[in-house]
Amino acid sequence: QQPVQSPQAVILREGEDAVINCSSSKALYSVHWYRQKHGEAPVFLMILLKGGEQKGHEKISASFNEKKQQSSLYLTASQLSYSGTYFCGTEITGFQKLVFGTGTRLLVSP
Amino acid sequence: NAGVTQTPKFRILKIGQSMTLQCAQDMNHNYMYWYRQDPGMGLKLIYYSVGAGITDKGEVPNGYNVSRSTTEDFPLRLELAAPSQTSVYFCASSGLAGGSEQFFGPGTRLTVL
């Protein structure tokens, strides 16, 4: 039931782009994306809802393929502040709780 | 607006001891959650609540208990602490179930020796 994230880790230079993927074997109602910096709490980035609605940050975009139960997070023109671990959280249709993936570690270097 | 607050920030317990992790939110959110995060791992849901007086189990509820007597507070009780409960515990709240961002507290780092 836990969503699978890929890649597990990414190293970028400042200004480069990255894509992080999240896939589930279950039908999804929504996909959430959070970023967590070392020693801190997760911080909300984006929600994608079944039906196409998106809520989130202006500088980060994401997609949700309902047929494949997959979501992708697009980080463009990466900044040093983008470094951290990115988690997707999936809400299965009919349930009220998130199941989080194992995370993708992103390091942006100067 | 303090958001979600958790106490204590750090705690060391001996095997077999008990303790309560406190969580409070001032956003009038109905939904509250307890997660644990082991080193280098993702978040695992322990318990959640959809409103005062209503709680339900998450993925890893064994060894824990919760109560929700008010909208604001959602304490997590550890009975008979075990080394396997060494983890960082996060409390979160949201205004709606799904489709709504979860606001996380700063976490409690618990070590059981």
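Whatever comes next refers back to the structure up there.
None of these values were measured; they are calculated from a predicted model. (Residues numbered from 1 in each chain as written. Chains lettered and ligands numbered in written order. Predicted model: local features only at pLDDT ≥ 70, side-chain atom pairs only at ≥ 80, totals over all residues. Heavy atoms only, no water.)

Visitor: Break down the interface of chain B and chain A for me, with residues and values.
Guide: With 24 residues of chain B in contact, the opposing surface of chain A contributes 23 residues. For the chain B and chain A pair, buried surface summed over both sides reaches about 1,800 Å², with 57% attributable to carbon and sulfur atoms. On the surface where chain B and chain A come into contact, there are zero salt bridges. Here chain B is connected to chain A by three residue pairs in polar contact (both at pLDDT 80 or more). Elements with a minimum of two residues in the side of chain B that touches chain A: strand E4 (31–37) and strand E5 (43–51) of chain B. Here the residues of the side of chain B that touches chain A are counted per class, giving twelve nonpolar, eight polar and four charged. (Contact = heavy atoms within 4.5 Å. Buried area = accessible area lost by both parts, 1.4 Å probe. Salt bridge = Lys/Arg side-chain N within 4 Å of Asp/Glu carboxyl O. Polar contact = N/O pair within 3.5 Å; in protein donor to acceptor, adjacent residues only side chain to side chain. Helix = DSSP H or I, 4+ residues; strand = E, 2+ residues; numbered from the N terminus. Nonpolar A, V, L, I, M, F, W, Y, C, P; charged D, E, K, R; others polar.)

Visitor: Which residues make up the packing of aromatic side chains, and what values do they have?
Guide: The geometry of an aromatic ring pair is captured by the separation of the ring centres together with the interplanar angle, meaning the angle of the planes. Enumeration according to the criterion identifies nine aromatic pairs over all chains in this entry. Considering the side-chain rings of Tyr34 of chain A and Phe44 of chain A, the 5.9 Å spacing of their centres and the 70° angle between planes classify their relative orientation as edge-to-face. Separated by ten residues along the polypeptide, Tyr34 of chain A in strand E4 (residues 28–36) and Phe44 of chain A in strand E5 (residues 43–49) bring together distant segments of the chain. Pair check on accessibility: Tyr34 of chain A and Phe44 of chain A agree, each one buried. Pairing Tyr33 of chain B with Tyr35 of chain B gives two aromatic rings, centres 6.2 Å apart and planes at 25°, and the pair type is stacked. With respect to class, Tyr33 of chain B is no different from Tyr35 of chain B; both count as buried. An aromatic cluster is present here, built from Tyr34, Phe44 and Phe100 of chain A together with Tyr33, Tyr35, Tyr48, Phe90 and Phe104 of chain B joined pairwise through their rings. Positioned above the aromatic ring of Phe74 of chain B, the side-chain terminus of Arg68 of chain B is 5.9 Å from the ring centre. (Phe/Tyr/Trp six-rings, centres within 6.5 Å; stacked < 30°, edge-to-face > 60°. Buried < 20%, exposed > 50% of the residue type's maximum accessible area, 1.4 Å probe, protein only. Lys NZ or Arg CZ within 6 Å of the ring centre and 35° of its normal.)

Visitor: Outline the sheet that holds strand E3 (residues 19–25) of chain B, supporting the account with residue identities and numerical values.
Guide: The strands that make up a sheet pair up through hydrogen bonds in the backbone, lying either parallel or antiparallel. Residue and element names in this part refer to chain B. If you walk across this open sheet you meet the four strands as E1-E3-E8-E7, and the pairing is antiparallel. Taken across any chain shown, the strands that pair with only one partner, and hence form the sheet edges, are strand E1 (4–7) and strand E7 (64–66). Looking at each pair of strands side by side, their axes are set apart by 20° on average, direction ignored. For E7 and strand E8 (residues 76–78), the ladder comprises three bridges, and the chain directions are antiparallel. (Pairing = 2+ DSSP bridges. Axes fitted to C-alpha atoms, helices over the stretch in contact; angles between N-to-C directions.)

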